[in-house]
Amino acid sequence: MTSGAALNKTTSSRQRDWQPIVQDFLQVLNDDQVIRRKEELLVYECDGLTSYRQRPAIVVLPKNTEEVAAAVKICDRNQIPFVTRGAGTGLSGGALPIEDSVLIVTACMRQILDIDYDNQRIVVQPGVINNWVTQAVSGEGFYYAPDPSSQSVCSIGGNIAENSGGVHCLKYGVTTNHVLGLKLVLPNGDIVDVGDMPETPGYDLTGIFVGSEGTLGIATEITLRILKSPESAQTLLADFSTVEAAGKSVSDIISAGIIPAGMEMMDNFSINAVEKVVALDCYPRDATAILIVEVDGSPADVEASAQKVSEIVKGNGARSVAIATTPEERLRLWKGRKAAFAAMGKLSPDYYVQDGVIPRAQLPHVLNEIETLSQKYGYDVANVFHAGDGNLHPLILYNNAIPGQLETVEALGGEILKLCVEAGGSISGEHGIGADKRCYMPQMFTDADLETMQWVRHAINTEGLANPTKLFPTPKTCGEAAIAETTTFNDVERF
């Protein structure tokens, strides 16, 4: 892994004449859509993984497919690498610019283009915020299922790039399960349409693109599946005195044939952080772990499932079970879980969040190992995760102002990822690989696996200009050779 400290180094450098490039962009975009003052570029030097920073040379803000294609063609013609960025909430450095690159930002592409209730479809631009989709269709009794904790600020384009999940992905699936079609701008500027029909012949190009982290082009129009809102829902909160009991409950609920809409676990550290900051007064602060389980469907099914879940968790030693039946009560229970990351930001100057996946049965073992690693490295680790599908989100608290802490925390995060793979899991569930985890790809993929993935990338991104250096390990980024100092373009003036 390239350390954030290395990526923070900056020097002045001018490797190409940017004035004619700026003029090219101004031929196809308005003046306020081409950002080139160095103080304005600072806003775009990182995504949600703030320990990695690199200022782009130019930022462009297209508003439609044609403008995106025109911008990409300029990059292709001049052999300039480009990186796509949405809302900038990503946590793996996927939208991190590289030196002397163009950052194509889709934040101004915020139109809902079409809603088809009869066929349960909605077409949106990539800058549309996740939660806006549900807001747009809720009046007709529909909603959009993928709901990352950042759903009030993250954009659909970024969700597509990282194949985001959310608390309800256990029953309804992650982003890829809800994408019906895409209008894409390829890395050479060509515009193509893929998918859009349930049984499209040929290769599943929609499936290939979702989760490709900006390495295959830019999605400019996205056709999503919307679902009818469930007739009924209940949310249960069970608290436990041991992690083992909570973990066993997760497995037992699934084994009983119940697929909850969501099933989340929080450890004691996370519980107290949330209660201290959000003050919900609904999470028992002395619990070792809590389990939040939501069941939905017909009223009869919900009643039966909720009763069975309650019996299972009590049989595994749950100290108490609270049931929320009204929308207001359910929202209150979920509010703390979705505020967990923000709560950590209130308790610590910095935190480093990882994103791994493990088999459900391995939850107690892995959590115990994470606690051992926490003590070994001397940093607090809070555990918040999608328990139903084993997607862990350990948050490591540290202070970036203290020299050496970032590097140590990155090493601890790497140990957690290796632990996930050893347990039969994955190094990412929904945050992506980006710049942060590319060096750990060989932990779970063979050389042949990685080469096969590269064939796909090179077939579409032939010049390697679309989000280079991301997703796959390279010698310079993974310590196989001396790490070259990265530089930041500090001298771009307004031409």
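Note: the structure precedes this text.
In this report, we go over the structure that sits alongside the text. (Residues numbered from 1 in each chain as written. Predicted model: local features only at pLDDT ≥ 70, side-chain atom pairs only at ≥ 80, totals over all residues. Heavy atoms only, no water.)

Non-glycine residue asparagine 467 carries a positive phi angle of around 45°. With respect to the element layout, asparagine 467 can be found in the segment after α17 (447-460). Backbone geometry at threonine 469 places phi at a positive 75°, although glycine is not the residue there. Mapped onto the elements of the fold, threonine 469 is located in the segment after α17. A relative accessible area of 33% means that threonine 469 is categorised as partly exposed. (Helix = DSSP H or I, 4+ residues; strand = E, 2+ residues; numbered from the N terminus. Buried < 20%, exposed > 50% of the residue type's maximum accessible area, 1.4 Å probe, protein only.)

With 6 of 6 residues buried, strand β18 (residues 381-386) lies mostly within the body of the structure. Because side chains alternate across β18, one face comprises the buried residues Val381, Asn383 and Phe385, and the other comprises Ala382, Val384 and His386, equally buried. Of the strand pairs in this sheet, strand β13 (residues 262-267) and β18 are connected by 2 bridges, and their pairing is antiparallel. Looking at the pairing, methionine 265 lines up with phenylalanine 385 of β18. The sheet contact formed by β18 and strand β19 (residues 391-398) spans 6 bridges and is antiparallel. Along β19, the bridge assignment pairs histidine 386 with asparagine 391. What sits between β18 and β19 in their antiparallel hairpin is a turn of 4 residues, with glycine 390 showing a positive phi close to 70°. (Pairing = 2+ DSSP bridges.)

Another aspect to go through is a nonpolar patch on the surface. On the surface, Tyr203, Leu205, Ile208 and Val456 cluster together into a nonpolar patch covering about 410 Å² of accessible area. Mapping isoleucine 208 onto the fold places it in helix α8 (residues 205-209). For isoleucine 208, a relative accessible area of 37% corresponds to the partly exposed category. (Patch = residues over 30% accessible without salt bridge, like charges linked within 9 Å, V, L, I, M, F, W, Y side chains within 5 Å. Areas by Shrake-Rupley, 256 points an atom, 1.4 Å probe, with all protein chains shown as cover. Salt bridge = Lys/Arg side-chain N within 4 Å of Asp/Glu carboxyl O.)

With 15 residues, helix α14 (residues 363-377) should reach 21 Å at 1.5 Å per residue; the first-to-last C-alpha distance of 21 Å fits that figure. Of the surrounding elements, those touching the buried residues of α14 are α9 (243-255), β13, β18, β19 and α15 (405-422). Within two residues after α14, glycine 378 carries a phi angle of roughly 80°, on the positive side. (Expected span 1.5 Å × (residues − 1). Contact = heavy atoms within 4.5 Å.)

Pairing within the open sheet is mixed, and its 4 strands lie in the order β1-β2-β4-β3. At either margin of the open sheet sits one strand with a lone partner, and together these are β1 (34-35) and β3 (82-85). On the sheet, helix α2 (residues 19-28) packs against β1, β2 (58-60) and β4 (102-105) and is oriented at approximately 5° with respect to β2. Where helix α4 (residues 65-77) meets the sheet, it contacts β2, β3 and β4, and its direction lies at approximately 165° from that of β4. (Axes fitted to C-alpha atoms, helices over the stretch in contact; angles between N-to-C directions.)

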